[in-house]
Each structure stands twice: as structure tokens, then as C-alpha cells.
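# Remarks on the overall topology
Below, each chain spelled out in residue letters.
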Amino acid sequence: MTSNQRRPLIAGNWKMNLDLAGAKALVAGIQEAASRADGVETVIAPPFTSLAVVAQAVKGTKIRCASQNVHWAENGAFTGECAAASLKELGVESAIIGHSERRQHFGETDKSVHDRLGAALKAGLLPIVCIGESLDEREAQETWRVLETQMKGALEGFAPTDLSVLVIAYEPVWAIGTGKVATPAQAQEAHLFIRKKVASLYSEELATGLRILYGGSVKPDNVDELMSQPDVDGALVGGASLKADGFSRIIGFQVPAAS
Ligand code: 13P
């Protein structure tokens, strides 16, 4: 697979926002942009409470619905969690796993991320695994160590063939919800590091086909430059995915033709 075959993926993580009416209105508001964006995959991740409604609303359209988490067990005594099969039943096709807010506030670990990834792969949910360093870690020059540890922890033990659908989202914690976006060069540097690491840990083929999204203060006015980077294959968008106009512009990002 060549880098040209990495289909750009724009994902909106709604986090804990929007009521049912707001969710329906937002889906309606981005349909046109999603259907117009040729060759771009659009994914939206509403909160669990609106998954059923949103999955229904995007059925038969180019938009795919994702959950913001998925549990590793098939069922059982796991209060507050959600099994892959229950998500699939609703028409959910993808799952965000290991978001830094889960790691930071809810004790998510590399091991739990790994196990959740296993469940997503088994169920055929497109997994979007999030990794990223905090500001302290970046300032202490620990970015590469952190990314490597998170990646190894999440991916350990899976066969390269299992991981062929894997999507990694590089989300530096210091850029999330802060308005402080990584520069295109910083994003490119991290994405290239991730790709090279996947090549050395797994295979060149897996690394070349791997889609790596950037997340952290992606907005309509910075998406074009970020998407122009050779190793940035998409975006995981938080705040700016909640407004139909802005997210539509992000889905329709423009990369200047190479001269
Ligand atoms: P913001 O786009 O609001 O910075 O959030 C990014 C994010 O966490 C997406 O998962």
C-alpha cells in the first residue's frame, strides 16, 4: 500500500455534549459536506445517549457513527460500560479508544486500552486509538518515550494482519481544548515518529498503510495546513466538530496541489 491509499479520515468527537435534538440537527447540518467530500471518510462520535439516534440518522449516508469507548468483555458486571456487540447492534461502526480524557479522569491505562482495542477488532469496529504526551512530558523531552510506551502497550501481542484497520490519533494533551494547536511541523514530526515505530515494531507494510489522525484544537482555519503534512492522514476534532458550519469546512479541507 502506498501513502496515496491512505484515505483521509475526519472524525468529530462530540465528547459529553448535545441533547438529542442538537445531535439530530448537527447530523443534518453536516450531511451535505460529507457527501460532497470525495474520497474523505467522515466519522462522528456522539455520547452513548445519542448513539442510537445518530446511527439511525447516518444510515445509508457517507457518515459513519463511532462510540467514544468500548469495553473489552462481551457482557457482565461492568457498571457504566458498553459492549462492542451492543454498539454494533445500534449500527455503530467505529470506536474511539484511550482518549486522554479517559486516561486522565477515568484511570484508563495502556493495558485497558489494549484490551478495549482487542474487543473492537474482534467485533469489526474501526478502532481509533488515541495517544499523546502532556505538556510536562513534552517539556521534559519525554514525548517520544511516552508515545512509544503508549503505542507498545496498546498494540502488544496483536498480529499485523489484525491491525490492518487500526487508526491512531496523535493528540498532544496540551493542545486539547486549549486553542493551542501543534504546529504542522510538530504534528508531522510526531506522526512520522509513530509511523517509523510501527514499521520497526510490526512491518513496513502496516506502517505505510496506517492512518494517523492529528487531534488538538483543529479548526477550520488550521486544518488545511495540518492536512498538507505528508504523514497527517486526518483529524480528530473536539470543540469544532459541534458546529455544522465549522465541521463542514473541516470535512472539506483543502490541500494545495504539490508544485
Ligand atoms: P479539541 O478539538 O476541542 O481540542 O479536542 C480534541 C480532542 O480531544 C478530540 O478527541
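As shown above, the structure is provided for reference.
First, a word on what this report is: a plain description of the structure on this page. (Residues numbered from 1 in each chain as written. Predicted model: local features only at pLDDT ≥ 70, side-chain atom pairs only at ≥ 80, totals over all residues. Heavy atoms only, no water.)

This part is about helix α5 (residues 110–123). The end-to-end C-alpha separation of α5 is 20 Å, in line with the 20 Å expected for 14 residues at 1.5 Å each. Buried-residue contacts for α5 involve α3 (84–90), β4 (94–97), α4 (100–106), β5 (126–131) and α7 (143–155). Of the residues trailing α5, Gly124 is marked for its positive phi of about 80°. (Helix = DSSP H or I, 4+ residues; strand = E, 2+ residues; numbered from the N terminus. Expected span 1.5 Å × (residues − 1). Contact = heavy atoms within 4.5 Å.)

Once that is clear, we can look at the site of the ligand. In the vicinity of the ligand, 13 residues are found, and the nearest of them are Lys15, His99, Gly177, Ser217 and Gly239. The backbone of Gly238 places a nitrogen or oxygen atom 2.9 Å from an oxygen atom of the ligand. Contacts to the ligand include Gly239, whose backbone N or O atom sits 2.8 Å from an oxygen atom. A total of 310 Å² of accessible area belongs to the ligand in isolation, and the protein chains cover 96% of it. Across the shell around the ligand, the residue classes tally to four nonpolar, seven polar and two charged. (Near = heavy atom within 4 Å. Polar contact = N/O pair within 3.5 Å; in protein donor to acceptor, adjacent residues only side chain to side chain. Areas by Shrake-Rupley, 256 points an atom, 1.4 Å probe, with all protein chains shown as cover. Nonpolar A, V, L, I, M, F, W, Y, C, P; charged D, E, K, R; others polar.)

Right, let's get into the side chain of Ser241. Checked against the element boundaries, Ser241 lands in the loop between β8 (234–237) and α11 (244–251). The exposure class of Ser241 is buried, given its relative accessible area of 1%. A distance of 2.7 Å separates the side chain of Ser241 from the backbone oxygen of Gly238, its partner in a polar contact. With residues near it in sequence (within four places) discarded, Ser241 still touches Gly12, Asn13, Trp14, Leu26 and Phe247. (Buried < 20%, exposed > 50% of the residue type's maximum accessible area, 1.4 Å probe, protein only.)

A barrel is described by the order of its strands in space; here eight strands give the closed sequence β1-β2-β3-β4-β5-β6-β7-β8, paired in parallel fashion. Taken pair by pair, the neighbouring strands of this sheet meet at an average axis angle of 25°, ignoring direction. Note: strand β6 (residues 167–170) against strand β7 (residues 211–215), four bridges, orientation parallel. Across the sheet, residue Tyr170 finds its bridge partner in β7, namely Tyr214. (Pairing = 2+ DSSP bridges. Axes fitted to C-alpha atoms, helices over the stretch in contact; angles between N-to-C directions.)

Here the focus is the nonpolar core. Within soluble globular proteins, side chains that are nonpolar generally end up buried alongside one another. Grouped together as the largest cluster of nonpolar side chains are 66 residues, with contacts concentrated most on Ile44, Leu117, Ile194 and Tyr214. In this structure Ile44 touches Gly12, Trp14, Val27, Ile30, Val54, Val58, Ile63, Arg64, Cys65, Ala66 and Phe247, once residues within four positions along its chain are discounted. The next biggest cluster of nonpolar side chains, apart from the first, holds 13 residues, and it includes Ala11, Val43, Ile128 and Ala169. (Core = buried A, V, L, I, M, F, W, Y, C linked by side-chain atoms within 4.5 Å.)

Bringing the pattern of salt bridges into the picture now. All chains considered together, the criterion is met by 21 salt bridges. Here Asp233 ties to Arg6 by a salt bridge, and the two come within 2.8 Å at their closest N and O atoms. Separated by 227 residues along the polypeptide, Asp233 in the loop between α10 (223–227) and β8 and Arg6 in the segment before β1 (9–13) bring together distant segments of the chain. Looking at Asp233, the relative accessible area reads 5%, which means it is buried. With its nearest N and O atoms 2.5 Å apart, the salt bridge here joins Arg195 to Asp231. Placement of the pair is Arg195 in helix α8 (residues 184–201) and Asp231 in the loop between α10 and β8, with a sequence separation of 36 residues. Among the residues examined, Arg195 registers a relative accessible area of 8% and is labelled buried. On the basis of relative accessibility, which here comes to 9%, the residue Asp231 falls in the buried class. Here the salt bridges do not stand alone but share partners, grouping Arg7, Glu41, Arg64, Glu93 and Arg211 into one network. (Salt bridge = Lys/Arg side-chain N within 4 Å of Asp/Glu carboxyl O.)

Our next topic: the packing of aromatic side chains. Under the defined criterion, the tally for this structure stands at three aromatic pairs. Judged by centre distance (6.4 Å) and plane angle (65°), the rings of Trp72 and Phe78 are edge-to-face. (Phe/Tyr/Trp six-rings, centres within 6.5 Å; stacked < 30°, edge-to-face > 60°.)

This part covers the environment of Ile194. When you line up the elements, Ile194 lands in helix α8. Classification of Ile194 as buried rests on a relative accessible area of 0%. Placed 46 residues apart in sequence, Ile194 and Glu148 show a C-alpha to C-alpha distance of 7.7 Å. Excluding residues that lie within four positions of it along the chain, Ile194 makes contacts with Ile131, Leu147, Met151, Ile168, Tyr170, Leu210 and Ile212.

Glancing now at α8. In an α-helix, one full turn covers 3.6 residues, which means residues spaced three or four apart are oriented alike. For α8, spanning 18 residues, the distance from its first C-alpha to its last is 25 Å, which sits close to the expected 26 Å at 1.5 Å a residue. Where α8 is concerned, the buried positions are Pro184, Ala187, Gln188, Ala190, His191, Phe193, Ile194, Arg195, Lys197, Val198 and Ala199. Elements that come into contact with the buried residues of α8 comprise β5, α7, β6, α9 (204–209), β7 and α10.

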